[in-house]
2 protein chains.
Amino acid sequence: MSATSTLSRASVNRQFVLAARPTGMPDDETFRLIESPIRALADGELLVRAMYFSVDPYMRGRLRTGRSYAPPVEIGGLMVGSAVARVVESKNPDFAVDDIVLTYMGWQEYAISDGQGLRKLDPAIPVTTALGVLGMTGLSAYFGLLDVCDPKPGETVVVSGAAGAVGSVVGQIAKIKGCHTVGVAGGDDKVEWIKRECGFDAAFNYKTATDYAATLRDLCPKGIDVYFDNVGGPLSDAVLPQINVGARISMCGQISQYNNSKPEMGPRLLSMLIVARAKMQGFLVTDYAARFGPALSVLTGWYRSGQIKNREDIVEGFANLPKAFLGLLKGENIGKRLVKAE
Amino acid sequence: MSATSTLSRASVNRQFVLAARPTGMPDDETFRLIESPIRALADGELLVRAMYFSVDPYMRGRLRTGRSYAPPVEIGGLMVGSAVARVVESKNPDFAVDDIVLTYMGWQEYAISDGQGLRKLDPAIPVTTALGVLGMTGLSAYFGLLDVCDPKPGETVVVSGAAGAVGSVVGQIAKIKGCHTVGVAGGDDKVEWIKRECGFDAAFNYKTATDYAATLRDLCPKGIDVYFDNVGGPLSDAVLPQINVGARISMCGQISQYNNSKPEMGPRLLSMLIVARAKMQGFLVTDYAARFGPALSVLTGWYRSGQIKNREDIVEGFANLPKAFLGLLKGENIGKRLVKAE
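Residues numbered from 1 in each chain as written. Chains lettered and ligands numbered in written order. Predicted model: local features only at pLDDT ≥ 70, side-chain atom pairs only at ≥ 80, totals over all residues. Heavy atoms only, no water.

Visitor: How would you summarise the side chain of Thr-128 of chain A if you had to cite specific residues and measurements?
Guide: Residues and elements named next belong to chain A. When you line up the elements, Thr-128 lands in the loop between β8 (119-120) and α2 (136-149). Residue Thr-128 is classed as buried on the basis of its relative accessible area of 7%. There is a polar contact of 2.5 Å between the side chain of Thr-128 and the side chain of Glu-312. Apart from residues no more than four positions distant in its own chain, Thr-128 is found in contact with Tyr-52, Glu-312 and Leu-338. (Helix = DSSP H or I, 4+ residues; strand = E, 2+ residues; numbered from the N terminus. Buried < 20%, exposed > 50% of the residue type's maximum accessible area, 1.4 Å probe, protein only. Polar contact = N/O pair within 3.5 Å; in protein donor to acceptor, adjacent residues only side chain to side chain. Contact = heavy atoms within 4.5 Å.)

Take a look at the structure:
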């Protein structure tokens, strides 16, 4: 007999599948909700029910065919993504009912697992942090800033997408490292938040700034040593001519480009990398998997001491997953966007 | 009394000065020839007479105001550059008449020096190599390839400007390191030369190729691990989508862009750096000055054993310096372009 949660064990699962590949911005036609029965567990399996889903910019890449670091979601296939979930039934001795786990279960309410790849979460820490500052988000900020850029005290660090999940943590880590941190975000409320709560020394709203280059010169009087880029596009065009000798550019994302069906045109500025003997490097957090343990220890310490804040932007309801994701691509969120499922 | 060469010691120096900053390609109006008297030497000084001048793509940058790694030549100022020269008169005990030296004397027939920064050349090795494979050219190839890219045996290395002074050495070093080397050059004669003499495994003429991407796919069936870029522009646009995971891009030059008065537009492809977790890095050979000695030893060994060839493209006559430089910017040369002065 399998142990079963006191929570009602639904017999029907709801899943979002990819209905059509979007060209440009995804919309209401991109995903479709389907229902399917939940089968009985085999020995060694467990059933989890989603509590919180992470929605992330990288997911736009999974909707696209063509070259990427991971295969695309197939048409009709379950949309991928991480979630925090509760074990509701278990025939696996390593997991008990009501354990809370981190799982790459995708956009569905229930999932059956053999336990591989699940990480049990410490109930003493808010479980949603496993999708944010103590998860891929925080780890992306940690390795993308510290490993790729190695910022030194007194250096100027510019962060694009600075009010986003990764960017806001980057700024806080840069501050811990003694850097002059400058954030770029899309909204006055975001700018206000990253300055007040995340400790950015300066920030500006790219949606209202009329001259990025002049604004950057003003906020970065000693030039730019480190650029942590989540966005790309015209902001990067303004950053490149202002990088200092030996500058490091960490390419985490290029969200301004993700909805283009063909590459946008922009000025060729790579000569600046020669003038400044600068490095531009792309990274994927998963390449650092072997070092997640020690990094999470450090991040957990910073989080517990209050040096890093984890702001969450929670959308209620499983059915709102697509809407929450589209809003993320449009820059609606401040901090880490999650969808609360139950 | 100072020692004097048996060569007639002219009393008049000829110099090329910058007449006007070019917009776009430099032309006959860019430089002006002037004459000036050669004064008597003070104690500790020596007089050199140029034998060979180096002309190099970086010189285009010295004609331009705006951000660079070195100040521009002033209007009316002596054009800068390296030369191999002979000591014709000396009041410096460290230099004897007929010593041959490497000097950054600029575009003039004679120069007075206090000996600082001069390097005496070994007469057992052809002295022009000090401007080529055993000079900044070879060192640029050495550090830009080995230090920035660290190529491994079996990796695919693509070189743009592959028949130029630096590019042709890059290909030969890559071959020594056991790489599959692919060169891109502007002419069938160049392609033929780099394949036959420089050991490139494959090469193509970008002036006649109709589809760079298809040609690269054909010549780089395992993708591109290292890209040594002297040129930039549309060729780089074709390379970026074909880089392998962990690729390294060394930015030595962007000669296709140097004559643009404002940045050319091109497709935004930097997302490829994320997909491939790739690094793009600019470098300046002078930043490696502390390591020139050991590097020159290695290069000298390769040169003496015939593993690296030093092809020279010699233009005769001091008066032809501007023309030789303009031709270089247009890609006339195969191998290292020099101007023979005496």
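Visitor: Which residues make up the relation of the copies chain A and chain B, and what are the values?
Guide: For the pair chain A and chain B, the relating rotation is 180°, the translation along its axis is 0.0 Å, and the fit reaches an RMSD of 0.0 Å. Those values place the two copies in the arrangement expected of a two-fold rotation axis. (Least-squares fit on C-alpha atoms with pLDDT ≥ 70 in both.)

Visitor: Explain the interface of chain A and chain B to me, using residue names and the numbers behind them.
Guide: Across the contact, 40 residues belong to chain A and 40 residues belong to chain B. Roughly 3300 Å² is buried in total at the junction of chain A and chain B, and carbon and sulfur atoms are behind 58% of that figure. For the chain A face of the interface with chain B, the top three residues by lost area are Arg-67, Arg-268 and Ile-274 of chain A, together amounting to 27%. At the surface where chain A touches chain B, the tally comes to six salt bridges. Notably, a salt bridge pairs Arg-268 of chain B with Asp-237 of chain A, separated by 2.7 Å at the nearest N-O pair. (Buried area = accessible area lost by both parts, 1.4 Å probe. Salt bridge = Lys/Arg side-chain N within 4 Å of Asp/Glu carboxyl O.)

Visitor: I'd love a proper account of the nonpolar core, names of residues and values included.
Guide: Ranked by internal contacts, the top residues of the largest apolar core, which has 54 residues, are Val-158, Leu-216 and Ile-243 of chain A together with Val-158, Leu-216 and Ile-243 of chain B. Every residue in contact with Ile-243 of chain A, bar those within four places of it in the chain, is listed here: Ile-224, Ile-249, Met-272, Leu-273, Ala-276 and Ala-278 of chain A together with Arg-67 of chain B. (Core = buried A, V, L, I, M, F, W, Y, C linked by side-chain atoms within 4.5 Å.)

Visitor: Summarise the environment of Leu-47 of chain A; cite the residues concerned and give the values.
Guide: Residues and elements named next belong to chain A. Mapped onto the elements of the fold, Leu-47 is located in strand β4 (residues 46-54). Relative accessible area serves as the criterion here: at 1%, Leu-47 is assigned to the buried category. Spatially, the C-alpha atoms of Leu-47 and Gln-116 are 13 Å apart, while their sequence positions differ by 69 residues.

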